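# Structural overview for review
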Amino acid sequence: MPDQILSLYKTTGFFYLTPGMAVMWLIGLILIYLAVSKNYEPLLLLPIGFGILLANLPLSGLMEPNEGLIWKFYHYGIQWEIIPPLIFLGLGALTDFGPLLANPRLIFLGAGAQVGVYIAFFLAQVIGFDLSEAATIGIIGGADGPTTIFLAANLSPQLLGSCAVAAYSYMAMVPIIQPPIMKLLTTQSERKIRMKKVRKVNRLEKLFFPIVSSILIILLIPASAPLIAMFMLGNLFREAKVVERLTNAAQNELMNIVTIFLGLPVGATMNAETFLKSEVIFIFILGLFAFIISTASGILLAKFINLFSKRKINPLLGAAGVSAVPMAARVVHKVGMEADKRNYLLMYAMGPNVAGVIGTVIAAGVFLTLLG
Amino acid sequence: MSEGITVFVSGLLGVAFAMALLYISVRITAKVTDFMEKSKEKNNA
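Just so you know, these numbers come straight off a predicted model, no measurement behind them.

## Some remarks on the overall build of chain B
Looking only at helices and strands, chain B features one helix and zero strands. Taken along the three principal axes of its C-alpha coordinates, chain B extends 65 × 5 × 5 Å. In chain B, which comprises 45 residues, the share counted as buried stands at 27%.

Next up, the structure:
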């Protein structure tokens, strides 16, 4: 009888539970708590948290290669590079490039904010990560979740879960991480700089931008094609103003559906054996470092441009060069308002913010070209 | 290490070059579309 009970017990998942799995449950529950109670990137952290729980339930087989349900989402959605580009289609449909086109010099702030990506990459490989892993860790500094997942799936799938969680966590913490750096690197008078009113952008310009930039960027860095192509297609839908149904679908239904199928498998890649390692701590530290350096380099580049320019740029705008859209732009606006209540920087900050998205995709494309 | 330095330098230069090219294309597009708009207005007038 006891043998039968034991045999029965062994058919349940309880028999195979390990302390590591319990730790992973705790991590999953913390992410769910942050999403529900603190509203930290809930659209992603909620399914990621639940995915972590599911991946650490023994015998569930959900991540069993070729058979598990969530493994299929992961394989066909992420490994086949379908979901991140679809997210970019939605992002493109949601993005207004007007502020960028009205003030094109702000493009450089989006480039300046990629410095952190490369410095973190360099440090990571000095610490001992291989080049592909170092690139995946560095891209966290771009603060762009889908790009991080895209690069990780291509270069270091074993780091996908931890890098994605780090990227989304830091994106959620933009209002906490960025303001001290912004205040440290700028004076009160610099924060008070008011941006000159920019020209009106005509419709043709907005229509041409996704076409011209797709051709240029894809010709220059073919590896960035999946993300750039879909990003610009979404934007073309938006600016063409003749396919409203497609624009709405890309912005809403499609974006929401693919978000579900992105978060769950990303979380499910984080099982106790792959996640509970000392290197994960380094990933989070290096990711944070990359993000801090990206913020600082954007600000410092704006100050550098001001040395040679008659039309001064408020250096706070440089912090929006990371691609956490629109959170980084909102933070710039808030910090600017603290210095001068009538200084409205939000629209100006959207310029470097969307340039940062393009910059991070280009940085990922360059990594793929050199290391893929 | 040397491979890391190569990726570091060429990566930074690659991003800078691509963004500079994007900047130039935006400026050219602005000029071209402005010219097209003005021609259209002139024709209509």
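Past the structure itself, the notes keep going.
## A look at the nonpolar core
Where a protein is soluble and globular, its nonpolar side chains tend to be buried together. Ranked by size, the top nonpolar core spans 142 residues in total, and within it Ala120, Cys163, Leu317, Ala328, Val332 and Phe367 of chain A carry the most contacts. With residues near it in sequence (within four places) discarded, Ala328 of chain A still touches Val174, Gln178, Ala319, Ala320, Val322 and Asn353 of chain A.

## Some remarks on the interface of chain A and chain B
On the chain B side, the residues contacting the 32 residues of chain A number 23 residues. Sorting the residues of the side of chain A that touches chain B by element identifies helix 7 (107-112), helix 8 (115-127), helix 14 (203-220) and helix 21 (346-371) of chain A as the ones contributing at least two each. Per element, the largest residue contribution to the side of chain A that touches chain B is nine residues, and it comes from helix 14 of chain A. Of the residues belonging to the side of chain A that touches chain B, the class tally is 25 nonpolar, six polar and one charged.

## What about the packing of helix 9 (residues 131-138) of chain A against helix 10 (residues 145-155) of chain A?
Residue and element names in this part refer to chain A. Running from amino to carboxyl end, helix 9 crosses helix 10 at an angle of 175 degrees, the nearest separation of the two axes being 9 Å. By the angle between their directions, the pair helix 9 and helix 10 is classed as roughly antiparallel. Where helix 9 abuts helix 10, its residues Ser132, Ala135 and Thr136 lie against Leu151, Ala152 and Leu155. Each residue belonging to the contact of helix 9 with helix 10 can be placed in one class, and the counts come to four nonpolar, two polar and no charged.

## Considering the environment of Ser162 of chain A
Residues and elements named next belong to chain A. Here Ser162 shows up in helix 11 (residues 160-172). Classification of Ser162 by C-beta neighbours within 10 Å gives buried; the count is 25. C-alpha separation for the pair Ser162 and Gly267, spaced 105 residues apart in sequence, amounts to 8.8 Å.

## Quick look at the confidence of the model for chain B
Of the residues in chain B, 100% have a pLDDT of 70 or more, and the chain-wide mean is 91. As a predicted assembly, this complex carries a pTM of 0.92 together with an ipTM value of 0.92.

## Observations regarding the packing of helix 14 of chain A against helix 15 (residues 225-240) of chain A
Residue and element names in this part refer to chain A. Here helix 14 crosses helix 15 at 170 degrees, and the two axes come no closer than 8 Å. What the angle tells us is that helix 14 and helix 15 run roughly antiparallel. For the pair helix 14 and helix 15, the contacting residues are Lys206, Leu207, Pro210, Ile211, Ser213, Ser214, Ile217 and Ile218 in the first and Ala225, Ile228, Ala229, Met232, Asn235, Leu236, Glu239 and Ala240 in the second. In terms of residue class, the contact of helix 14 with helix 15 is made up of eleven nonpolar, three polar and two charged.

## Considering the environment of Leu45 of chain A
Residues and elements named next belong to chain A. On the secondary structure map, Leu45 appears in helix 3 (residues 42-55). Take Leu45: there are 27 C-beta atoms within 10 Å of it, and that puts it in the buried class. Sequence spacing of Leu45 and Leu346 is 301 residues, and the spatial spacing of their C-alpha atoms is 26 Å. Leave out the neighbours within four places in its chain, and Leu45 touches Leu31, Leu34, Ala35, Tyr40 and Tyr168.

What counts, and at which threshold
Residues numbered from 1 in each chain as written. Chains lettered and ligands numbered in written order. Predicted model: local features only at pLDDT ≥ 70, side-chain atom pairs only at ≥ 80, totals over all residues. Helix = DSSP H or I, 4+ residues; strand = E, 2+ residues; numbered from the N terminus. Buried ≥ 20, exposed ≤ 12 C-beta atoms within 10 Å, placed from the backbone. Core = buried A, V, L, I, M, F, W, Y, C linked by C-beta atoms within 7 Å. Contact = placed C-beta atoms within 7 Å. Nonpolar A, V, L, I, M, F, W, Y, C, P; charged D, E, K, R; others polar. Axes fitted to C-alpha atoms, helices over the stretch in contact; angles between N-to-C directions. Parallel < 35°, antiparallel > 145°, perpendicular 65-115°, else oblique. pLDDT = per-residue confidence, 0-100.

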